[in-house]
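# Structure assessment
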Amino acid sequence: MLTQELEMKRRLLQECIRMLNMQMKAAKEAMDDAQESANEHQGAMEDKFESFREACQIQRDMYARQLDELITTMSVLKRINATKSNHDVSLGAVVHTELQNYFIGVSLGEIKVEGTSYYAISGMSPLFKAMAGKSAGEYFTFRDKSYKILEVF
């Protein structure tokens, strides 16, 4: 059973990395496109050209910040050891509750693996803080709902 659990954790981690890589690629392409637009645009009037160029630079900077955040997020994922079983809710844990399943790492929303839904949540999220340190059989409350932890690995 433990090897199946670790395999599930490995697949969840791989899926999170794949999703982040796609987001990073999209941010990099958008940043490059905005820079290219700023460099190539030939406006009829100089004032319009400068304001368009400034708008492109602002957009490029926004995508650059997004890319930086995604790189930082990826570094959190890289610290997760998928070959280690967690006994309590902490970074890298897979948590099954009566209501939902969670993967503690970074916030990426719903992930489906083998037809089962997991919610990738950050170690900084209020939900994680409500369940942190708990183990199988314990309860936690979040937004006036009580959750029973069925399994942690």
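Heads up: these notes are all about the structure in this document. (Residues numbered from 1 in each chain as written. Predicted model: local features only at pLDDT ≥ 70, side-chain atom pairs only at ≥ 80, totals over all residues. Heavy atoms only, no water.)

Next up on the list: the overall build of the protein. Summing up its helical and strand segments, the protein has 3 helices and 6 strands in all. Going from the N terminus to the C terminus, the protein shows its helices and strands as α-α-β-β-β-β-α-β-β. Summarising its shape, the C-alpha atoms of the protein cover approximately 70 × 35 × 25 Å along the three principal directions. Across the 153 residues in the protein, those meeting the buried criterion constitute 38%. Taking all contacts inside the protein whose residues are at least 6 apart in sequence as the whole, residues at least 24 apart take part in 55%. Carbon together with sulfur atoms contributes 51% to the accessible area of the protein, which is approximately 9,200 Å² in total. Both charge centroids of the protein, one from 19 positive and one from 22 negative side chains, sit 7 Å from each other. (Helix = DSSP H or I, 4+ residues; strand = E, 2+ residues; numbered from the N terminus. Buried < 20%, exposed > 50% of the residue type's maximum accessible area, 1.4 Å probe, protein only. Contact = heavy atoms within 4.5 Å. Areas by Shrake-Rupley, 256 points an atom, 1.4 Å probe, with all protein chains shown as cover. Lys, Arg positive; Asp, Glu negative; His and termini not counted. Charge placed at Lys NZ, Arg CZ, Asp CG, Glu CD.)

Attention now goes to the sheet that holds strand 6 (residues 145-152). Read across the sheet, 6 strands follow the order 3-4-2-1-6-5 without closing on themselves; strand pairing throughout is mixed. Bordering the open sheet on either side are strand 3 (109-113) and strand 5 (139-142), each of which pairs with just one other strand. When strand polarity is set aside, the average angle formed by the axes of neighbouring strands in this sheet is 40°. In the sheet, strand 3 pairs with strand 4 (residues 116-122) via 5 bridges, with the strands oriented antiparallel. Within strand 4, the position partnered with Lys 112 by the bridge is Ser 117. Here helix 1 (residues 2-40) sits on the sheet and contacts strand 1 (94-97), strand 2 (101-105), strand 3, strand 4 and strand 6; the angle it forms with strand 3, its principal contact strand, is near 130°. (Pairing = 2+ DSSP bridges. Axes fitted to C-alpha atoms, helices over the stretch in contact; angles between N-to-C directions.)

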